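Chain by chain, the residues run as shown.
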Amino acid sequence: MLIIPAIDLKDGKCVRLKQGDMDQATIFSEDPPAMAKHWLDQGAKRLHVVDLNGAIDGEPRNLAQIEAVLKTVDVQVQVGGGIRTIDTVRRYLETGIARVVLGTAALMDRSFLTQACREFP
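Bringing the overall build of the chain into the picture now. A tally of regular secondary structure across the chain gives 6 helices and 6 strands. Moving toward the C terminus, one meets the helices and strands of the chain in the order β-β-β-α-β-α-α-β-α-β-α-α. When its C-alpha atoms are laid out on the principal axes, the chain stretches across 40 × 35 × 30 Å. Split into buried and exposed, the 121 residues of the chain put 40% on the buried side. The contacts in the chain between residues at least 6 apart in sequence include a share of 57% that link residues at least 24 apart. Counting only carbon and sulfur atoms, one obtains 48% of the accessible surface of the chain, whose full area is about 7,200 Å². Between the centroid of the 15 positive side chains of the chain and the centroid of its 16 negative side chains there is a distance of 5 Å.

Most of strand S4 (residues 46–51) is tucked away, with 6 of its 6 residues classed as buried. Alignment of strand S1 (residues 6–10) against S4, held across 4 bridges, turns out to be parallel. Within S4, the residue paired with Asp-8 across the bridge is Val-50. Judged from the 5 bridges that link them, S4 and strand S5 (residues 76–80) form a sheet pairing that is parallel.

With that out of the way, let us pick up the sheet that holds strand S3 (residues 21–29). Pairing is mixed in the open sheet, where 6 strands are placed in the order S3-S2-S1-S4-S5-S6. The open sheet is flanked by S3 and strand S6 (99–101), the only strands paired with a single partner. Neighbouring strand axes in the sheet, compared pairwise and without regard to direction, differ in orientation by 40° on average. The sheet contacts of helix H1 (residues 32–41) involve S1, strand S2 (13–18), S3 and S4, and relative to S1 the element is tilted by about 170°.

Moving on to unusual backbone geometry. A positive phi is found at Asp-11, a non-glycine position, where the angle reads about 55°. Non-glycine residue Gln-19 carries a positive phi angle of around 50°. Along the chain, Gln-19 turns up in the loop between S2 and S3.

This paragraph deals with the nonpolar core. Among the nonpolar cores identified, the biggest contains 24 residues, and Ile-7, Leu-47 and Val-77 are the most heavily contacted of them. Breaking this core down by element, the ones donating at least two residues are S1, H1, S4, helix H3 (63–72), S5, helix H4 (86–95) and helix H6 (110–119). Considering each element in turn, this core owes the most residues, 4 residues, to H3. Residues contacting Leu-47, with those up to four places away along its chain left out, are Ile-4, Pro-5, Ile-7, Ala-36, Trp-39, Leu-40, Val-69, Val-73, Val-75, Gln-76, Val-77 and Gln-78. Counting residues in each nonpolar core, the second largest holds 5 residues, with Val-15, Leu-17, Met-22 and Leu-52 among its members.

Looking at where Leu-40 falls in the secondary structure, it is placed in helix H1. A sequence separation of 34 residues divides Leu-40 from Asp-74, and the C-alpha atoms of the two residues are 8.8 Å apart.

Basis of the calculations
- Every residue gets a number counted from 1 within its own chain, in the order that chain's sequence is written.
- Owing to the predicted nature of the model, reporting of local features is limited to residues with pLDDT of at least 70; listing and counting of side-chain atom pairs is limited to 80 or more, with chain, interface and lining totals taken over all residues.
- Side-chain measures here rest on the full set of heavy atoms in the structure, leaving out hydrogens and waters.
- The secondary structure listing takes helices from DSSP runs of H or I that are at least 4 residues long and strands from runs of E that are at least 2 residues long, numbered from the N terminus.
- Note on classification: 1.4 Å probe, protein chains only; a residue is buried when its accessible area is under 20% of the maximum for its type, exposed when over 50%, partly exposed between these limits.
- We call two residues in contact when some of their heavy atoms are within 4.5 Å.
- Note on areas: Shrake-Rupley with a 1.4 Å probe; residue coverage comes only from the protein chains shown.
- In this tally Asp and Glu are treated as negative and Lys and Arg as positive; neither His nor the chain ends contributes.
- Where a charge sits is defined by one atom per residue type, namely NZ (Lys), CZ (Arg), CG (Asp) or CD (Glu).
- Here the rule is simple: two strands pair whenever DSSP picks up at least two bridges between them.
- Between N-to-C directions, angles span 0 to 180 degrees; the directions come from axes that are lines fitted to C-alpha atoms, helices contributing only their stretch in contact.
- Remark: nonpolar core denotes a set of buried residues (Ala, Val, Leu, Ile, Met, Phe, Trp, Tyr, Cys) joined through side-chain atoms within 4.5 Å.

Structure follows, in structure tokens:
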């Protein structure tokens, strides 16, 4: 079994939402790279990062923090939240993200999903 710790980002901070409510966030850290390092120190072999603002806005909002995490860790990082265009997929992969997680857009836009699968097998 592979346990993949998740780092949820809201306004640049590591948070946990209460029942998915963006207005009810508990801040666990204001330093995403330090949180990523914490999970590696605990034995994580991969990290999952969610851009909660991006999920709401439909485009990346915490890219600087995600890039900082990538510079801090030497494990694969996957990211989700607000990935609704091929350009966003491309941008994340070019920064060194190992995997992008396509959620709502994959269900709502079949042509986007098809293009993403073709371009990034």
